[in-house]
Amino acid sequence: MRLLPVVVTVSLTVALAYYVYIPLPDAIQEPWKLMMLDAGFRTTMHLASLKSWLGFDHYITSIRRSSDGFEGMMKGLSSSESGAGGVMPGVKVSDITFAGVPVRVYEPPAGGEGHLRRGLMFFHGGGWALGSAKKGSYDTINQMLSDELNTVVVSVEYRLYPEVHFPVPYLDCLAAAKHFLSPEVQARYAVDPERVAVAGDSAGGNLAAAVAQEISTDDTMSVKFSVQALIYPVLQALDFNTPSYLQNQNIPILYRHLMVRFWLQYLGADLSLQSQLLANNHSSLHLPNITPELRARLDWTVLLPPKHKKNYRPLIVEKGSQGAGKEVPGLLDVRASPLLAGPEVLAKCPRAYILTCEYDVLRDDGLMYARRLQDAGVTVTQEHYDDGFHGCFTFITWPMEFDVGKRALRGYLNWLQNNL
């Protein structure tokens, strides 16, 4: 009988290790930390799905609550570890609205008294369903940027799924951007109208690219963004079989099937279409509305460098499900998929900084967009992290800090310092 506790303990340990362990590329540093982070995220997703199945909260609502609880615990641990927390000295933080859209404004301690400052509008990531402008790493990063670069930062709390679908998040961001770029608001915050950026990560990078395109082509706007900074942006929903989607389909924290689910949620489509999208049946050759010209705008066999094409082959479906394409509203809307914009639109876009990570399903979206912007005559700085993974940009604080995340953040800040 005395062996029973030992057997149970060993069995539980093995089961836990089996659940946590996932094979990762050798280039990823601190693999066990990433595995633990991913295990926590998967557990949260599973529990949220169970609660939803039992008739409690929507699974996204449950994830948000769990994330808030985890963030509160981590903030307490971090404060104990560092002896500090909260707002950086001198940075003024205000929660207000721009054109009816909630925003958090960060004003730096320097400038503003006869000296114009930089301006930056930021859209957070989270699959258009999760995240907040006011919480976690986003709050830390924007405070840091405001302080170090003497910048007025406006972080936008756009509405999310399941409360809304496309195009509402985009329209929230566009309305906030137009308000921020108005001469009256620029003057109020002592922002130099020649030095205003738009930035975002992941789904926020999608929104930043889409808003930058719209503002750039709007002749009624007297002030436009001078630069855009896109952190591993998601830019298209027609091809989920690019080399990066296939290479990294099981790499945390953004799995291929999860990205497809985020797209279906955002576009207000039936989630049962996931398998159709994974097989590219929604973008087959027989669909007349997806013209050869449109397909060329995301042809990775042309747009990607050889080192990223590797030995992959394009998945082109001759005759897929015509219904799948029709049942996904907004699939070809450039406001949802900025990579589909024509060269005449891209040519008017501001200078760009595009950060990509090798072990990220969205890697090729960013690389293709960089190439298309360059082909249109736009100056682009590409920063690629060979040891990076999706989400690393926000993993910069103890206990979930990664060296590649700190390097990515520093690269972003340095580029803005030199280009904005």
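- For the protein, an unreviewed UniProt entry supplies the name Neutral cholesterol ester hydrolase 1 and the organism Perca fluviatilis.

Focus: the overall build of the protein
Then, in step 1: The helix and strand inventory of the protein stands at 17 helices and eight strands.
Then, in step 2: Within the protein, contacts between residues separated by at least 24 positions form 75% of all contacts whose residues are at least 6 apart in sequence.

So, the nonpolar core
Then, in step 1: Ranked by internal contacts, the top residues of the largest apolar core, which has 136 residues, are Phe-98, Met-121, Phe-123, Trp-263, Tyr-369 and Tyr-412.
Then, in step 2: Broken down by element, this core gets its largest block of residues, eight residues, from helix α7 (residues 203-216).
Then, in step 3: In this structure, this core is formed jointly by two domains, domain 1 (92-110 + 117-236 + 336-419) and domain 2 (243-332), each of which donates at least three residues.

Considerations on the sheet that holds strand β7 (residues 351-359)
By way of backbone hydrogen bonds, the strands of a sheet pair with one another, either parallel or antiparallel.
Then, in step 1: If you trace the eight strands from one edge of the open sheet to the other, you get β1-β2-β4-β3-β5-β6-β7-β8, paired in mixed fashion. Edge strands, defined here as strands with exactly one partner in the open sheet, are β1 (92-98) and β8 (380-389). For this sheet, the mean angle separating the axes of adjacent strands, direction not counted, is 20°.
Then, in step 2: Bridge count for strand β3 (residues 117-123) against strand β5 (residues 191-201) is six bridges, and the pairing is parallel. Looking at the pairing, Leu-120 lines up with Ala-197 of β5.

Brief notes about the packing of helix α5 (residues 168-181) against α7
Then, in step 1: Remark: α5 packs on α7, axes separated minimally by 10 Å, with the N-to-C direction vectors making an angle of 55°. As far as their axial angle goes, α7 and α5 are oblique. Here α5 and α7 pass one another in a crossing that is right-handed. Contacts from Pro-169, Tyr-170, Cys-173, Leu-174, Ala-177, Lys-178 and Leu-181 in α5 reach Leu-207, Ala-210, Val-211, Glu-214 and Ile-215 in α7.

A few points about the packing of aromatic side chains
Then, in step 1: Evaluated as defined, the whole model comprises 14 aromatic pairs.
Then, in step 2: Ring centres of Tyr-353 and Trp-415 lie 5.3 Å apart, and the angle between their planes is 35°; this geometry places the pair in the tilted category. On the criterion of sequence distance, the pair formed by Tyr-353 in strand β7 and Trp-415 in helix α17 (residues 403-419) is long-range, its members being 62 residues apart. The exposure classification of Tyr-353 matches that of Trp-415, with both residues buried.
Then, in step 3: Between Phe-393 and Tyr-412, the ring centres sit 5.2 Å apart and the planes meet at 90°, which makes this aromatic pair edge-to-face. Placement of the pair is Phe-393 in the loop between β8 and α17 and Tyr-412 in helix α17, with a sequence separation of 19 residues.
Then, in step 4: Judged by relative accessible area, which is 0%, Tyr-412 ranks as buried.
Then, in step 5: Linked through ring pairs, Trp-128, Phe-166, Trp-263 and Tyr-266 together constitute an aromatic cluster.

A look at the pairing of strand β6 (residues 227-231)
Then, in step 1: For β6, a buried count of five out of five residues is recorded, marking the element as mostly surrounded by other parts of the structure.
Then, in step 2: By the alternation rule, side chains of β6 split into Val-227, Ala-229 and Ile-231 and Gln-228 and Leu-230, which are all buried.
Then, in step 3: Pairing of β5 with β6, which is carried by five bridges, proceeds in the parallel orientation. What sits directly across from Asp-201, in β6, is Ile-231.
Then, in step 4: Since β5 and β6 lie parallel, the crossover through α7 that links them has a hand, and here it is right-handed.
Then, in step 5: Where β6 lies against β7, five bridges are found, and the strand directions are parallel. Along β7, the bridge assignment pairs Ala-229 with Tyr-353.

Focus on helix α4 (residues 136-148)
In an α-helix, one turn spans 3.6 residues, which is why side chains three or four residues apart end up on the same side.
Then, in step 1: Spanning 13 residues, α4 covers 19 Å between terminal C-alpha atoms, matching the ideal 18 Å at 1.5 Å per step.
Then, in step 2: For α4, the full list of buried residues reads Ser-137, Tyr-138, Asp-139, Ile-141, Asn-142, Gln-143, Met-144, Leu-145 and Ser-146.
Then, in step 3: Against β2 (101-107), β3, β4 (151-156), β5 and α17 lie the buried residues of α4.

Points about the environment of Ile-231
Then, in step 1: Residue position: Ile-231 is located in strand β6.
Then, in step 2: With 181 residues separating them in the primary sequence, Ile-231 and Tyr-412 have C-alpha atoms 8.6 Å apart.

Looking at α7
Then, in step 1: Under the 1.5 Å per step criterion, the end-to-end length of α7 is 20 Å for 14 residues, consistent within 8% with the ideal 20 Å.
Then, in step 2: Counting buried residues along α7, 13 of its 14 residues qualify, which places the element largely inside the surrounding structure.

Some points on the side chain of Thr-242
Then, in step 1: By secondary structure assignment, the location of Thr-242 is in the loop between β6 and α8 (243-247).
Then, in step 2: Residue classification places Thr-242 among the buried positions, given a relative accessible area of 0%.
Then, in step 3: Beyond its immediate sequence surroundings of up to four residues, Thr-242 is in contact with Gln-236, Trp-300, Asp-364 and Met-368.

A look at the packing of α4 against α17
Then, in step 1: The N-to-C vectors of α4 and α17 enclose an angle of 35°; their axes lie 11 Å apart at closest approach. Classified by chirality, the crossing of α17 by α4 is right-handed. Between α4 and α17, the residues in contact are Ile-141, Met-144, Leu-145 and Glu-148 and Leu-409, Arg-410, Tyr-412, Leu-413, Leu-416 and Gln-417, respectively.

Concerning the UniProt feature "active site" (unreviewed entry) in the protein
Then, in step 1: Look at the UniProt record and you will see "active site" (unreviewed entry) annotated at Ser-202, Asp-360 and His-390. With the annotated positions falling across 189 residues, the maximum pairwise C-alpha distance of 10.5 Å places them together in a single cluster.
Then, in step 2: Within the fold, Asp-360 resides in the loop between β7 and α16 (363-375).
Then, in step 3: Not counting residues within four places of it along the chain, the set of residues in contact with Asp-360 comprises Tyr-232, Ser-244, Asn-248, Leu-254 and His-390.
Then, in step 4: A polar side-chain atom of Asp-360 sits 3.0 Å from the main-chain amide nitrogen of Leu-362.
Then, in step 5: Examined against the element boundaries, His-390 turns out to sit in the loop between β8 and α17.
Then, in step 6: Setting aside residues no more than four positions away along its own chain, His-390 makes contact with Ser-202, Tyr-232, Ile-253, Leu-254, Tyr-359, Asp-360 and Leu-362.
Then, in step 7: Reaching out from His-390, the side chain makes a polar contact with the side chain of Ser-202 at a distance of 3.0 Å.

The rules behind each value
- Residues numbered from 1 in each chain as written.
- Predicted model: local features only at pLDDT ≥ 70, side-chain atom pairs only at ≥ 80, totals over all residues.
- Heavy atoms only, no water.
- Helix = DSSP H or I, 4+ residues; strand = E, 2+ residues; numbered from the N terminus.
- Contact = heavy atoms within 4.5 Å.
- Core = buried A, V, L, I, M, F, W, Y, C linked by side-chain atoms within 4.5 Å.
- Buried < 20%, exposed > 50% of the residue type's maximum accessible area, 1.4 Å probe, protein only.
- Domains from an automatic or database assignment.
- Pairing = 2+ DSSP bridges.
- Axes fitted to C-alpha atoms, helices over the stretch in contact; angles between N-to-C directions.
- Parallel < 35°, antiparallel > 145°, perpendicular 65-115°, else oblique.
- Left-handed = near helix turned anticlockwise from the far one by under 90°.
- Phe/Tyr/Trp six-rings, centres within 6.5 Å; stacked < 30°, edge-to-face > 60°.
- Right-handed = clockwise from strand over helix to strand, strands pointing away.
- Expected span 1.5 Å × (residues − 1).
- UniProt positions renumbered as here; feature names shortened; annotations may be inferred.
- Polar contact = N/O pair within 3.5 Å; in protein donor to acceptor, adjacent residues only side chain to side chain.

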